[in-house]
Amino acid sequence: MSIQLPSVRSDEATDAAEAEVLGNGTVLVERRDHVMIVTLNRPEARNAVSLDLTIGVGEALDAAEDDPSVWVVIITGSGERAFCAGADLKEAAAGRLNGDGDDRLARWGFAGYVRHFISKPTIAAVNGFALGGGTEIVLASDLAVAADTATFGLPEVKRGIFAGAGGTFRLPRQIPEKAAMEAILTGQPITAQRALELGLVNRVVPLDGLIDEALALAAAICENAPLAVQVSKRIARGVTDGDIVAEASDWERTAVEGGFLMRSADAREGMLAFAEKRAPRWEGR
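Values in this document were obtained by computation on a predicted structure and should not be read as measured data.

## Here we look at the confidence of the model for the protein
So, step 1. Across the protein, the average pLDDT comes to 91, with 94% of residues at or above 70.
So, step 2. Confidence over residues 1-17 falls short of pLDDT 50; this stretch has 27 contacts with residues more than four positions distant or in other chains.

## Side note on the nonpolar core
So, step 1. In terms of nonpolar packing, the biggest core is built from 50 residues, with V57, V126, I137, F152 and L171 touching the most fellow members.
So, step 2. Per-element tally for this core: the top contributor is helix 1 (residues 51-66), with 5 residues.
So, step 3. Excluding anything up to four places from it in sequence, V126 contacts F83, V138, V145, A146, A147, A150, F152 and L210.
So, step 4. Counting 17 residues, the second-largest nonpolar core is a separate cluster that includes W71, L215, L217 and C222.

## What about the sheet that holds strand 5 (residues 82-84)?
So, step 1. The 4 strands are arranged 5-7-9-10 in an open sheet whose pairing can be described as mixed. Each edge of the open sheet carries a strand with a single partner, namely strand 5 and strand 10 (190-191).
So, step 2. As judged from the 2 bridges shared by strand 5 and strand 7 (residues 129-131), these two strands associate in the parallel manner. Within strand 7, the position partnered with A82 by the bridge is F129.

## Comments concerning the side chain of T54
So, step 1. Secondary-structure assignment places T54 in helix 1.
So, step 2. Not counting residues up to four positions away in its chain, the partners in contact with T54 are V49, L105, W108, G109, A111 and G112.

## Focus on the layout of surface pockets
So, step 1. Taken as a whole, the largest pocket spans an internal volume of roughly 1700 Å³.
So, step 2. If you go around the largest pocket, you meet 46 residues; those closest to its centre are A87, L89, A92, F110 and I161.
So, step 3. For the lining of the largest pocket, the secondary-structure elements that each account for two or more residues are helix 2 (89-93), helix 3 (104-108), strand 7, helix 4 (133-140), helix 10 (248-262) and helix 11 (265-276).
So, step 4. Looking at the lining of the largest pocket, its residues break down into 25 nonpolar, 11 polar and 10 charged.
So, step 5. Of the voids in this model, the second largest pocket is the one considered here, and its volume is about 490 Å³.
So, step 6. Lining the second largest pocket are 28 residues, with R115, H116, F117, G242 and D243 sitting closest to its centre.
So, step 7. Mapped by element, the contributors of at least two residues to the lining of the second largest pocket are helix 1, helix 3, helix 9 (226-236), strand 13 (243-244) and helix 10.
So, step 8. Looking at the lining of the second largest pocket, its residues break down into 13 nonpolar, 4 polar and 11 charged.

## Notes on the sheet that holds strand 6 (residues 122-126)
So, step 1. Taken in spatial order, the 7 strands line up as 1-2-3-4-6-8-11 in an open sheet, and their pairing is mixed. If you trace the sheet from one side to the other, it starts and ends with strand 1 (20-22) and strand 11 (203-205), each paired once. Strand-to-strand twist across the sheet, computed as the mean angle between neighbouring axes with direction ignored, equals 20°.
So, step 2. Examined bridge by bridge, strand 3 (residues 35-40) and strand 4 (residues 72-77) share 6 bridges and lie parallel to one another. Its bridge partner lying in strand 4, L40 is registered against G77.

## Concerning helix 5 (residues 167-174)
So, step 1. Every buried residue belonging to helix 5 is among G167, F169, R170 and L171, and all of these are buried.
So, step 2. On its buried face, helix 5 is in contact with helix 4, helix 6 (177-186), strand 13 and helix 10.

## Considerations on the packing of helix 5 against helix 10
So, step 1. Put simply, helix 5 and helix 10 touch, their axes get as near as 10 Å, and they point 140° apart. Here helix 5 is positioned oblique relative to helix 10, judged by the angle of their axes. Residues F169, R170 and R173 of helix 5 form the contact with helix 10, whose participating residues are D250, W251 and T254.
So, step 2. Along the lines of polarity and charge, the residues of the contact of helix 5 with helix 10 split into 2 nonpolar, 1 polar and 3 charged.

## Side note on the pairing of strand 4
So, step 1. Of all 6 residues in strand 4, 6 are buried, a share of seventy percent or more.
So, step 2. The side-chain alternation of strand 4 yields two buried faces, one formed by V72, I74 and T76 and the other by V73, I75 and G77.
So, step 3. Chirality of the crossover, the property in question, places the unit of strand 3, helix 1 and strand 4 among those that are right-handed.
So, step 4. Relative to strand 6, strand 4 runs parallel, the two sharing 4 bridges. Bridge pairing in strand 6 links I74 to I123.

Reading guide: rules and limits
Residues numbered from 1 in each chain as written. Predicted model: local features only at pLDDT ≥ 70, side-chain atom pairs only at ≥ 80, totals over all residues. Heavy atoms only, no water. pLDDT = per-residue confidence, 0-100. Contact = heavy atoms within 4.5 Å. Core = buried A, V, L, I, M, F, W, Y, C linked by side-chain atoms within 4.5 Å. Buried < 20%, exposed > 50% of the residue type's maximum accessible area, 1.4 Å probe, protein only. Helix = DSSP H or I, 4+ residues; strand = E, 2+ residues; numbered from the N terminus. Pairing = 2+ DSSP bridges. 1 Å grid on protein atoms, 1.4 Å probe; cavity = no way out; pocket = protein on both sides within 12 Å on 5 of 7 lines; lining within 4 Å. Points joined across faces, edges and corners; volume = space filled by probe spheres on them. Nonpolar A, V, L, I, M, F, W, Y, C, P; charged D, E, K, R; others polar. Axes fitted to C-alpha atoms, helices over the stretch in contact; angles between N-to-C directions. Parallel < 35°, antiparallel > 145°, perpendicular 65-115°, else oblique. Right-handed = clockwise from strand over helix to strand, strands pointing away.

Here's what the structure looks like:
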């Protein structure tokens, strides 16, 4: 599928009506010179990841990779409260996030993003809480700018499940191991300032300056030769034929361990307790 995106000058304001609408409206895509801005557009659901959103993000990244005039991609969320609340649990329970018959989803990974390597640098502009899958989107990005109100974390263990979209192996590689293990094993949140101290994000700014800061970072990248930037990214990330080679065994381990965990009584109890809005009763089996 070929997506034609509007070209917008950097000094022009772009509203939703001028943006390309993907994924049945769950994703907005706009252009600022050589920068593509991808916005998760489900504010009523805290930008939780649905099948439509996954397809919209995945198609936008494919379009960015194939378009030589796109040099940087920024991913952000609609609204002032949430960047991404993780998976839409209703769609997950119904099995819709698997996208039966669409083999792109396996290649792209969660949100059409976490395993979807593109050579163009990616910047997460975190406009609110980024818990679970939201943090995993940040971990999959090359750079990150956060609003001072943003929150990060991997709370899956509180629900009897685990961070299966790369969080459990990427977080210990991107911040000090002890800090990562505390976040993974306790499920407790990380403030924006603490995320900056740990190196999880590059900048923390007031919410009203978030996109401007992300665009400024993108502009600094765009001052450089685009092919040189892309080659540098592929080498730095250890990419061969579009895959991060060092992560292959991590994804295999994630699939095996995840299959075991999701068959457990505790995983079922965690989801049931969440739906019933009560404390879970763990059994360790």
